[in-house]
Amino acid sequence: MGIKAGLVGLPNVGKSTLFNALTKSSVPAENYPFCTIDPHVAITEVSDSRQDNLQKIFGSGKQIKTTVTFVDIAGLVKGAASGEGLGNQFLGHIREVDLILHVLRCFDDSKVINTMSEVDPISDYEIIMTELILKDLEAIHSRLEKIPKQIRTAQSKPKEKAELEAEEALLKQIRVLLDQADLKGAKELVRTSNIAMIPLLATKNSLVIANFAESDLEGDAYKNSKYYQDLVAKFGQAAVIPVSARLELEFSQLSSEEVQELLDMLNIKERGLDHIIRSSYTHLGLITFFTCGPKEAHAWPIKAGMTIRKAAGEIHSDLERGFICADIYNYRDIAAAGSENALKSSGKIRIEGQDYIVQDGDIVNIKFNV
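## Some remarks on helix α10 (residues 256-266)
Given 3.6 residues to a turn, an α-helix orients residues that are three or four positions apart in the same direction. Taken together, the buried positions of α10 are Val259, Leu262, Leu263 and Leu266. The buried side chains of α10 occupy one side of the element, clustering within an arc of 100° when seen end-on. Looking at α10, the residues exposed on the side facing more than 90 degrees away from the buried face are Glu257, Glu261, Asp264 and Met265. Buried-residue contacts for α10 involve α7 (214-217) and α9 (245-251). Following α10 by one or two positions, Asn267 adopts a phi angle in the positive range, close to 55°.

## Focus: the sheet that holds strand β1 (residues 3-8)
Note: strands within a sheet are paired through backbone hydrogen bonds, in either parallel or antiparallel orientation. Spatially, the six strands line up as an open sheet ordered β2-β4-β1-β5-β6-β7, and their pairing is mixed. Single-partner strands in this sheet number two, and they are β2 (40-45) and β7 (240-243). On average, each strand axis in the sheet is tilted by 25° relative to the strand beside it, whichever way the strands run. Note that β2 and strand β4 (residues 67-72) share six bridges and pair antiparallel. Residue pairing for β4: His40 is matched across the bridge by Asp72. Against the sheet, helix α4 (residues 121-153) makes contact with β1 and β5 (99-105), and its axis sits at roughly 140° relative to β5, the strand it touches most.

## Quick notes on the packing of α4 against helix α5 (residues 158-179)
It is at 10 Å that the axes of α4 and α5 come closest, and there the two elements cross at 150°. As judged from the angle between their axes, α4 and α5 are roughly antiparallel. Seen from above, α4 lies across α5 with left-handed handedness. Across the interface between the two elements, Ile133, Asp136, Leu137, Ile140, Arg143, Leu144, Ile147, Pro148, Gln150 and Ile151 from α4 touch Lys161, Leu164, Glu165, Glu167, Glu168, Leu171, Lys172, Ile174, Arg175, Leu178 and Asp179 from α5. Split by residue class, the contact of α4 with α5 holds eleven nonpolar, one polar and nine charged.

## Quick look at the nonpolar core
In this structure, Phe70 and Leu101 are the most contacted members of the largest nonpolar core, which totals 76 residues. Here this core takes twelve residues from α4, the largest share from any one element. Counting residues in hydrophobic clusters, the runner-up holds 16 residues, among them Phe289, Ile328, Tyr356 and Val358.

## Overview of unusual backbone geometry
Positive phi outside glycine occurs at Ala181, with the angle close to 60°. Note that Ala181 resides in the loop between α5 and α6 (183-192). Of note in the backbone geometry, Asp220 takes a positive phi value of approximately 60° without being a glycine. Among the structural elements, Asp220 can be located in the loop between α7 and α8 (226-235). You can call Asp220 buried: its relative accessible area is 16%.

The rules behind each value
Residues numbered from 1 in each chain as written. Predicted model: local features only at pLDDT ≥ 70, side-chain atom pairs only at ≥ 80, totals over all residues. Heavy atoms only, no water. Buried < 20%, exposed > 50% of the residue type's maximum accessible area, 1.4 Å probe, protein only. Helix = DSSP H or I, 4+ residues; strand = E, 2+ residues; numbered from the N terminus. Arc of directions from axis to C-beta. Contact = heavy atoms within 4.5 Å. Pairing = 2+ DSSP bridges. Axes fitted to C-alpha atoms, helices over the stretch in contact; angles between N-to-C directions. Parallel < 35°, antiparallel > 145°, perpendicular 65-115°, else oblique. Left-handed = near helix turned anticlockwise from the far one by under 90°. Nonpolar A, V, L, I, M, F, W, Y, C, P; charged D, E, K, R; others polar. Core = buried A, V, L, I, M, F, W, Y, C linked by side-chain atoms within 4.5 Å.

Below is the structure:
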């Protein structure tokens with residue numbers, strides 16, 4: 001279960017520069033609108049210091065890290081829902097991601113063309129969301145036209161008929177909320193409903209990446225920026241990730257030691273990439289558990305609240321099907337003890353049944369029989 005995140009933004013906000021930095025890839029990032037003609041996809045490994053330490057403790061030959069798939073989606077413009085700019089095809093690509101990362105321009109630079117009259121990240125966000133809402137309303141209208149005929153066809157199938165009627169009622173509720181631009185209400189309705197329906201764009205999970213100039217990141221200077229303060233007032237501090245795409249691109253060309261030296265010199269606490277990944281995990285409700293041995297230290301991302309039996313299925317379906325029990329302890333215990341043998345001596349390795357809820361940082365050994 002890896003994360004698939006889509007970078008979305010108006011032309012020339014730094015989206016492709018950030019994508020290049022995050023993935024160490026090379027896609028066009030020329031200084032003109034629509035340079036990204038097709039969506040670009042790349043996979044980035046997630047660094048986790050716990051996994052580095054587990055590899056040392058177990059003498060593992062390699063690490064298998066969690067990954068994040070980044071999709072660079074070409075710049076949207078006002079009117080994209082009706083085909084303006086690069087239009088409909090790129091709105092469709094957003095349907096495939098788990099998380100939308102809104103890249104918003106928060107820097108003043110006359111050398112970088114701005115397709116809008118002024119730098120206004122809130123306005124840029126609202127333009128994008130308006131296009132997503134319009135596309136959703138179009139999709140809902142199309143679906144609602146088809147459902148009545150399907151309901152008539154399903155008269156002799158009570159379960160199917162009830163499901164279609166429930167979908168119809170839900171879509172009508174969502175349509176009203178989207179017409180009113182009540183995104184919060186629409187998202188909550190989708191989140192709390194168990195009814196199968198067409199995928200929507202505007203109600204997807206999202207975070208804001210505020211793209212600042214490099215100097216704004218030094219010593220958290222961005223906190224005094226009106227752009228940042230406006231974004232935090234609208235979305236909350238946890239949903240706004242300050243980065244400098246140019247600085248991240250520079251980091252991507254350096255060794256880890258050089259990156260740390262530069263971070264220390266600029267008085268920056270962490271890389272933007274690490275902040276993006278950490279926030280993405282939290283926002284999507286993900287945690288990580290590990291399986292470790294001499295061959296590999298493997299990180300597994302799962303939804304918080306998952307049982308150990310279900311989590312075993314993330315490793316292999318046979319482990320879920322033939323699950324007996326699991327030996328479990330947490331990273332903090334083995335980090336303190338220094339070895340698995342020391343943990344055994346202290347009695348901190350537990351045997352858990354199928355209903356145990358996996359915790360972030362758990363190391364597990366599944367016992368199964370098929």
